[in-house]
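# Observations on the model geometry
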Amino acid sequence: MVRFHTVNRRAFLSTSAFASVGFIAGVPPGVAGDAEVEITPSSSGPEISPHLYGQFLEHLGGVIYDGVWVGPKSKVANVDGIRKQFLDDMKRIGVPDFRWPGGCFADGYHWRDGIGDSAKRPRTYNYWQVQAPRGVDLTETNQFGIHEFMKLCRLSGAEPYLAANMGSGSPAEFHDWVSYCNAPVGSVSLAAERAANGDRDPFGVRWWGVGNESWGCGGNMTPQEYATLYRRFVTQFPAFEPRPYLVAVGPRGHTEGMDIGWTNGFFESMQGHRAVVDGLSVHFYTDFRNKPERVTTFDAKGWYDVLLEGARIEQVIEGHWAAMGKFDTTHHTKLVIDEWGVWYRVGEEIDPAYLLSQPLTMRDAMHTAMTLDIFNRHADKIAMANVAQTINCIHSLFLAEGDRFVRTPAYYVFEMYRNHMRSTLAAMHIKCDVLKISGKNGPVTMQALSGSASIKGKTLTVTLTNPSLDSSVTTRIRLTAGSIVEGQGRVLMHPEMTAKNTFDRPDQVKSAPLPVNVRGNRVEVSLPPRSIAALELRIS
Ligand code: AHR
């Protein structure tokens, strides 16, 4: 049983350079609380890269087939084989990038299997097929290869982020893939081969992941072994345009101790060597795989446990950033959180063949919003983040099967937060109640309101989350300089914490307009329990 208290004290607590929270006098549960939000609009903050809103697609269960790829002959509406509704919604949220082809799959993937005449492509082993239910064939058909992936990127406006095969591949295979993607016609033969396969223009791939989870499915290496192999993979990287952004495999952030040993070991082993590391991959799953927590049936304790565990990503960002700073004092290397999301135990898949598919609820939408606000607040440290995975797997924005398609509650958060992309982070200071929760490990506290703010021209975007299951929060937003001319808002909420969207009832959870009261340089909004708000304020 979870009990909620508020704390009657005035104290101030800094959570980051760009957001802070203080506690003001509390109110009994179930009654409206108050929050004061002070925002300093200025142009001196870091830019919130659009890539913090990145996506991840792997050849795993129902992600590619038939989440993304239905094939050009399908009855399902498609554009050259890509599911049309998926494309439309990706454009709607302004998708910045897709990481592909894995994941664990990437370290067994040979890119040549996915090019040329689709009827002649081989059927190959897929790392995940061993987990398929009896009678279900999840071998890889290779119908979706690099040309199809690049078409998805072009049609949706996303940048490609490719993961190299370090597990069963070689530096030569990797370098050939780079040349195949980026060499101009008239240079190496691989460019002519690409042109013969339908793409005369180079793909211009900038983001390259050098392996995936090399401490696990990517080769079971020590950080020292990985550092040696990393250098072999990147030293003779073909120098075609664009200059690559090279991402090294980093820690499994969700483990106890957040795997700082990997980061230290890798950077120690790189000392004295000339090999560029632009990004360090961090994986952080809110990991409930081995816990009794279920996706769709849970109580208040389950609600808060997941949110609290998810919020730990902020410590992971700060911890690894500090560790990296000991070796890289100018912080050339940025964090690339290329897998994040809530991962529950198996058993509630939408179809047994759609491995790891999860029917997400309002709880996961709240987790999404809190995570994206954390990313925004650490925009100076993070080059990219990719939710795992976009469709039919773990923390998905969509579920799709045949001609059925539904947006999960998490989708709406990406839609509501899209204005933050390419904006400048604005300092935000929150004074609010604190939720005191009695969880299974004793009492813990949680911010009653958190969020982030950013500015682009004369538009201030403010996103806020009220995780309380009982109390609404009357929130007054004040600017330290300038005035608010007008404002509009949207809110995502539902009276049931377990609310979700299904194929049969696709619109149970969706965003709605939120009344915004503008007075001079102040705005007042009422945030219902379990709500996520996005405000767009025009300032002078
Ligand atoms: O996203 C599912 C899997 O989780 C990925 O393949 C792997 O990188 C991670 O362990």
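Below is a short write-up of the structure. Computed from a predicted model, the values in this text were never measured in an experiment. In this numbering scheme, every chain counts its residues from 1 along its sequence in written order. Local features in a predicted model are, by the rule used here, given only for residues with pLDDT of at least 70; side-chain atom pairs are given and counted only at 80 or more, and totals for whole chains, interfaces and linings are based on all residues. In computing side-chain properties, one takes all heavy atoms of the structure into account and sets aside hydrogens as well as water.

### Comments concerning the overall build of the protein
Applied cut-off: Numbering of helices and strands runs from the N terminus; a helix is a DSSP stretch of H or I covering at least four residues, while a strand is a stretch of E covering at least two. The quantity called the radius of gyration is restricted to C-alpha atoms. Its globule counterpart is 2.2 Å times the number of residues to the power 0.38. Exposure categories follow from relative accessible area, calculated using a 1.4 Å probe and restricted to protein chains: below 20% of the type maximum is buried, above 50% is exposed, and the middle band is partly exposed. Two residues qualify as a contact provided that any one of their heavy atoms is within 4.5 Å of a heavy atom in the partner residue. Using the Shrake-Rupley algorithm and a 1.4 Å probe, accessible areas are obtained, with residue cover drawn only from the displayed protein chains. The charge count includes Lys and Arg as positive and Asp and Glu as negative, but it does not include His or the ends of the chains. Here the site of a charge means NZ on Lys, CZ on Arg, CG on Asp, or CD on Glu.
Of the regular secondary structure elements, the protein holds 11 helices and 27 strands. Over its C-alpha atoms the protein spans a radius of gyration of 23 Å, differing by no more than 12% from the 24 Å that the globule rule assigns to 540 residues. Judged by the C-alpha coordinates and their principal axes, the protein covers about 70 × 55 × 45 Å. In the protein, which comprises 540 residues, the proportion classed as buried is 60%. Of all intrachain contacts in the protein linking residues separated by at least 6 positions in sequence, the fraction that spans at least 24 positions is 77%. Accessible surface for the protein amounts to roughly 20300 Å². Of this, 49% is attributable to carbon and sulfur atoms. Across the protein, 55 positive and 56 negative side-chain charges occur, with their mean positions spaced 3 Å apart.

### Re the environment of Ile64
When you line up the elements, Ile64 lands in helix H1 (residues 63–68). Residues Ile64 and Asn392, 328 residues apart in the sequence, show an inter-C-alpha distance of 8.8 Å. Contact partners of Ile64, with chain neighbours within four places excluded, come to Leu57, Glu58, His59, Trp69, Trp100 and Phe144.

### What about the site of the ligand?
Filter applied, for reference: Think of it this way: one heavy atom of a residue within 4 Å of a molecule or strand is enough to make that residue near it. Here a polar contact means two N or O atoms within 3.5 Å. Within protein one must be a hydrogen donor candidate and the other an acceptor candidate, and residues neighboring in sequence count only if both atoms are side-chain atoms. Residues are called lining when one of their atoms sits within 4 Å of a cavity or pocket point, these points coming from a 1 Å grid over the protein atoms alone, where a cavity is a set in which a 1.4 Å probe fits but cannot get out and a pocket is an open set with protein on both sides within 12 Å along at least five of seven lines. To be counted as sitting in a cavity or pocket, a molecule needs more than half of its atoms within 2 Å of that site's grid points. Under the scheme applied, nonpolar residues are Ala, Val, Leu, Ile, Met, Phe, Trp, Tyr, Cys and Pro; charged residues are Asp, Glu, Lys and Arg; polar residues are all the others, including Gly.
Around the ligand there are 14 residues in total, and Glu58, Cys104, Glu213, Tyr285 and Glu339 lie nearest to it. A distance of 3.0 Å is found between an oxygen atom of the ligand and a side-chain nitrogen or oxygen belonging to Asn212. Tyr285 has a polar side-chain atom sitting 2.8 Å from an oxygen atom of the ligand. Bound to the protein, the ligand loses 94% of the 280 Å² it would expose on its own. Among the detected pockets, the ligand sits in the second largest pocket. Among the elements of the structure, strand S12 (279–288) and strand S13 (334–344) are those that each provide at least two residues to the shell around the ligand. Grouping the constituent residues of the shell around the ligand by class yields seven nonpolar, four polar and three charged.

### Digging into the pairing of strand S27 (residues 531–539)
Keep this limit in mind: Strand pairing is assigned whenever DSSP identifies at least 2 bridges connecting the two strands.
Burial analysis of S27 places seven of its nine residues in the buried class, the great majority of the element. As judged from the eight bridges shared by strand S21 (residues 459–466) and S27, these two strands associate in the antiparallel manner. Bridge assignment links Leu464 to a residue of S27, and that residue is Ala533. Two strands pair when backbone bridges link them, and strand S23 (residues 484–492) and S27 are joined in this way by eight bridges, in the antiparallel orientation.

### What to know about the state of the cysteines
What counts here: Sulfur atoms of two cysteines make up a disulfide when they are within 2.5 Å.
Counted under the stated rule, the structure contains one disulfide. Here Cys104 engages in a disulfide with Cys217; their sulfurs sit 2.1 Å apart. In this structure, the disulfide formed by Cys104 and Cys217 twists by about -85° around the S-S bond and is classed as left-handed. Highlighted residues: Cys104 in the loop between strand S8 (97–100) and helix H3 (146–156) and Cys217 in the loop between strand S10 (207–210) and helix H6 (223–235), separated in sequence by 113 residues.

### Observations regarding helix H4 (residues 171–182)
Note the threshold: One fewer than the residue count of a helix, multiplied by 1.5 Å, yields its expected span.
With 12 residues, H4 should cover 16 Å at 1.5 Å per step; its first-to-last C-alpha distance of 16 Å lies within 8% of that length. Every buried residue of H4 is listed here: Pro171, Glu173, Phe174, His175, Trp177, Val178, Ser179, Tyr180, Cys181 and Asn182. On its buried face, H4 is in contact with S8, H3, strand S9 (159–163), helix H5 (189–196), S10 and H6.

### Overview of unusual backbone geometry
Residue Gly102 is joined to Gly103 through a cis peptide bond whose omega torsion reads 10°. With an omega dihedral of -10°, the bond running from Ala388 to Gln389 counts as a cis peptide bond. Looking at the element boundaries, Gln389 is found in the loop between strand S14 (382–388) and strand S15 (398–401). Positive phi values are uncommon outside glycine, yet Asn220 reaches one of about 55°. With respect to the helices, strands and loops of the structure, Asn220 is situated in the loop between S10 and H6. Residues other than glycine seldom take positive phi values, yet Asp259 does so here, at roughly 65°.

### Considering the packing of aromatic side chains
The geometry of an aromatic ring pair is captured by the separation of the ring centres together with the interplanar angle, meaning the angle of the planes. Our working definition: Aromatic rings from Phe, Tyr and Trp, taking only the six-membered ring of Trp, are treated as a pair when their centres fall within 6.5 Å; an angle between ring planes under 30 degrees marks them as stacked, one over 60 as edge-to-face, and anything in between as tilted.
Applying the stated criterion across every chain yields a total of 30 aromatic pairs. Where Phe105 meets Tyr109, the ring centres are 5.3 Å apart and the plane angle is 35°; that geometry is what we call tilted. For Phe105, a relative accessible area of 3% puts it in the buried group. Relative to Trp262, the ring of Tyr226 lies with its centre 5.8 Å away and its plane at 40°, an arrangement referred to as tilted. One end of the pair, Tyr226, is in helix H6; the other, Trp262, is in helix H7 (residues 260–270), and 36 residues separate them in sequence. The exposure classification of Tyr226 matches that of Trp262, with both residues buried. Ring pairs connect the aromatic residues Trp69, Trp100, Phe105, Tyr109, Phe144, Phe149, Phe174, Trp177, Trp208, Phe233 and Phe237, which therefore count as one cluster.

### Concerning the sheet that holds strand S11 (residues 245–248)
The condition is simple: Here an angle of 0 to 180 degrees is reported between the N-to-C directions of two axes, which are lines fitted to C-alpha atoms, with helices fitted over the stretch in contact.
One closed barrel accounts for eight strands, arranged S5-S8-S9-S10-S11-S12-S13-S14; its pairing is parallel. Across the sheet, the mean angle separating the axes of adjacent strands is 25° when strand polarity is ignored. Here S8 runs beside S9; their pairing, made up of four bridges, is parallel. Across the sheet, the residue bridging to Asp97 is Glu159, located in S9. Running at roughly 165° to S12, helix H8 (residues 300–311) makes contact with S12 and S13 of the sheet.

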